[in-house]
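Each chain, written out:
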Amino acid sequence: MRQPADSVRAQRLITYCVGAAAFLFQFEAFFVHIALPDMQRELMVDDHAISQVITIYLLGAIFALLPGGFLGRRIGFSTLFWVACLVAAVGTLACGVATSLSGLWVSRLFQGVGIGLMVSSGYTLIPLWLEEAHLGWGYSVISQGAGFGMVLGLPLGGLVAQLLEWRWVFLVQLPLLLGLCVYSRAVLPSDIKVTANSGPTFKTVWVTLSQVPIYFYGLAMLFGFQCVLGGARYLLPFYLENVQHMTTLQSSLSMLIYACVMIFAAHTAGRYADRHGSGFLVFLALMVATVSSALFAWFENGDDVLWVFMLIASLGAGTGLFSSPNSRQIMSQLPKSVIRQAAGVLPIALNVGVMVGVFVFQAVFQGGAGYGEIYAGAAICFMLLAL
């Protein structure tokens with residue numbers, strides 16, 4: 001059941017801790033993502049092999065998300081959070097010292113497990129400790145943290161990849177993970193209240209959730225949106241370098257536009273959703289993403305960089321407008337008795353969507369489809385979700 005923290009300050013500290021986890025999750029993802037073209041050249045591997053650096057990491061995260069709720073109810077979500085930070089730190093160190101591509105894949109799997117447990121417990125801490133009236137704000141902090149992770153991960157990842165050996169892409173992240181572990185130990189509430197109640201059975205949870213159809217509708221929307229967005233976003237650095245002939249650093253700086261616009265849109269959308277509801281913003285986000293992808297397809301080979309920047313910005317706006325309103329729409333309709341179990345499914349839907357999107361878009365691209373054809377397909381998918 002929901003157990004709001006004792007003070008507004010305590011709720012803010014909890015939310016900022018989860019926001020920091022979202023920051024690190026996206027910082028790591030974009031730090032590595034933007035460095036993929038350089039890593040591919042240094043390791044001398046093909047497109048499929050280098051894409052597994054992302055896919056295997058997401059598989060590890062998803063594998064951990066599934067039992068995350070069970071573990072949290074047994075040892076406490078606060079405890080699970082800081083333990084997950086340590087697991088992620090060990091996996092990150094292993095990535096940095098890996099001596100082969102296969103060793104890097106195994107280390108990325110372990111790293112993904114730690115990040116997955118961290119995200120799973122973090123998403124549960126928000127509805128568990130925040131009052132219902134502040135849920136939209138809480139999820140907007142997660143989105144803003146993710147946006148700031150992109151803002152710093154993109155240029156720093158491009159800079160490190162261009163100046164240093166690929167393994168430093170992982171090693172420089174260690175202090176951040178260890179710092180979050182220390183911070184979470186200081187600010188997250190005791191698990192005593194949470195673990196004292198074993199909670200409802202799986203059957204009870206399923207029966208209760210089946211009476212709230214908007215929960216499954218929201219999850220399906222989250223999966224679909226992240227699937228298309230994840231694939232489209234995966235191809236952007238390759239498009240910027242191969243078509244627009246940018247360096248890795250220039251590509252990473254261009255992607256900053258996406259992150260900055262997303263942060264502003266997420267902050268505005270979260271506050272608006274708490275006051276006026278989420279439905280309109282979710283629809284608006286899908287329409288913005290549709291138009292952005294369609295224009296990307298139309299101007300595929302254009303040499304006007306300003307247009308490229310504008311389209312990257314509109315894609316960021318669609319992402320920011322969608323995330324926190326959709327999460328709030330899902331969670332605000334649920335009975336308090338199943339809030340913990342239901343919250344743990346959100347990151348599963350999100351990360352499975354991203355993984356499927358990366359796999360599908362990469363496969364279609366390898367099959368010979370051009371960037372324009374792929375982004376036209378993304379526009380159609382976004383439009384179908386809006387309908």
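For the structure, see preceding data.
Here we look at the pattern of salt bridges
- Under the definition given, this model contains three salt bridges.
- Arg108 is the partner of Glu28 in a salt bridge, and the nearest nitrogen-oxygen pair spans 2.4 Å. Residue Glu28 is found in helix H1 (residues 8-33), and its partner Arg108 is found in helix H5 (residues 101-129); the two are separated by 80 residues along the sequence. For the pair formed by Glu28 and Arg108, the shared burial category is buried.

Observations regarding empty space enclosed by the protein
- For the coordinates displayed, the defined rule picks out two cavities of 30 Å³ or more.
- Roughly 590 Å³ of internal volume is contained in the largest cavity.
- What lines the largest cavity is a set of 38 residues, among which Phe25, Gln26, Gln226, Arg233 and Leu350 lie closest to the centre.
- The biggest single contributor to the lining of the largest cavity is H1, with eight residues.
- Among the residues forming the lining of the largest cavity, the class breakdown is 25 nonpolar, eleven polar and two charged.
- Of the volumes computed, that of the second largest cavity is approximately 40 Å³.
- Forming the walls of the second largest cavity are Leu24, Phe27, Glu28, Ala88, Thr92, Gln111, Ile115, Gln173 and Leu177.

Focus: the layout of surface pockets
- Its boundaries defined by the atoms lining it, the second largest pocket holds a volume of some 180 Å³.
- Lining of the second largest pocket is provided by 13 residues; of these, Gln40, Asp47, Phe238, Asn242 and Phe365 occupy positions nearest its centre.
- When contributions to the lining of the second largest pocket are tallied by element, the ones reaching two or more residues are helix H2 (36-43), helix H11 (213-242) and helix H16 (346-366).
- Considering every element that reaches the lining of the second largest pocket, the biggest residue donor is H11, with five residues.
- Here the residues of the lining of the second largest pocket are counted per class, giving six nonpolar, four polar and three charged.

With respect to a nonpolar patch on the surface
- A cluster of nonpolar side chains, namely Leu152, Leu156, Leu159, Leu163, Leu164, Trp168 and Val172, defines an oily patch on the protein surface of about 600 Å² accessible area.
- Looking at which element gives the most residues to the nonpolar patch, the answer is helix H6 (residues 135-163), with four residues.
- Structurally, Leu163 is set in helix H6.

Some thoughts on the packing of aromatic side chains
- Tallied over the entire structure, the rule returns eleven aromatic pairs.
- Each ring, one from Phe296 and one from Tyr375, has its centre 5.0 Å from the other, and the planes form 20°; the classification is stacked. In this pair, Phe296 sits in helix H13 (residues 279-298) while Tyr375 sits in helix H17 (residues 371-386), placing the two residues 79 residues apart along the sequence. The burial state of Phe296 is the same as that of Tyr375; both residues are buried.
- Summarising the aromatic geometry, the rings of Phe365 and Tyr371 are spaced 4.9 Å apart at their centres and angled 40° between planes, so their arrangement reads as tilted.
- With relative accessibility at 24%, the residue Phe365 sits in the partly exposed group.
- Feature note: the residues Tyr239, Phe296, Phe365, Tyr371 and Tyr375 constitute an aromatic cluster, connected by ring pairs.
- Here the basic side chain of Arg185 rests over the ring of Trp82, its NZ or CZ set 4.5 Å away from the ring centre.

Reading guide: rules and limits
Residues numbered from 1 in each chain as written. Predicted model: local features only at pLDDT ≥ 70, side-chain atom pairs only at ≥ 80, totals over all residues. Heavy atoms only, no water. Salt bridge = Lys/Arg side-chain N within 4 Å of Asp/Glu carboxyl O. Helix = DSSP H or I, 4+ residues; strand = E, 2+ residues; numbered from the N terminus. Buried < 20%, exposed > 50% of the residue type's maximum accessible area, 1.4 Å probe, protein only. 1 Å grid on protein atoms, 1.4 Å probe; cavity = no way out; pocket = protein on both sides within 12 Å on 5 of 7 lines; lining within 4 Å. Points joined across faces, edges and corners; volume = space filled by probe spheres on them. Nonpolar A, V, L, I, M, F, W, Y, C, P; charged D, E, K, R; others polar. Patch = residues over 30% accessible without salt bridge, like charges linked within 9 Å, V, L, I, M, F, W, Y side chains within 5 Å. Areas by Shrake-Rupley, 256 points an atom, 1.4 Å probe, with all protein chains shown as cover. Phe/Tyr/Trp six-rings, centres within 6.5 Å; stacked < 30°, edge-to-face > 60°. Lys NZ or Arg CZ within 6 Å of the ring centre and 35° of its normal.

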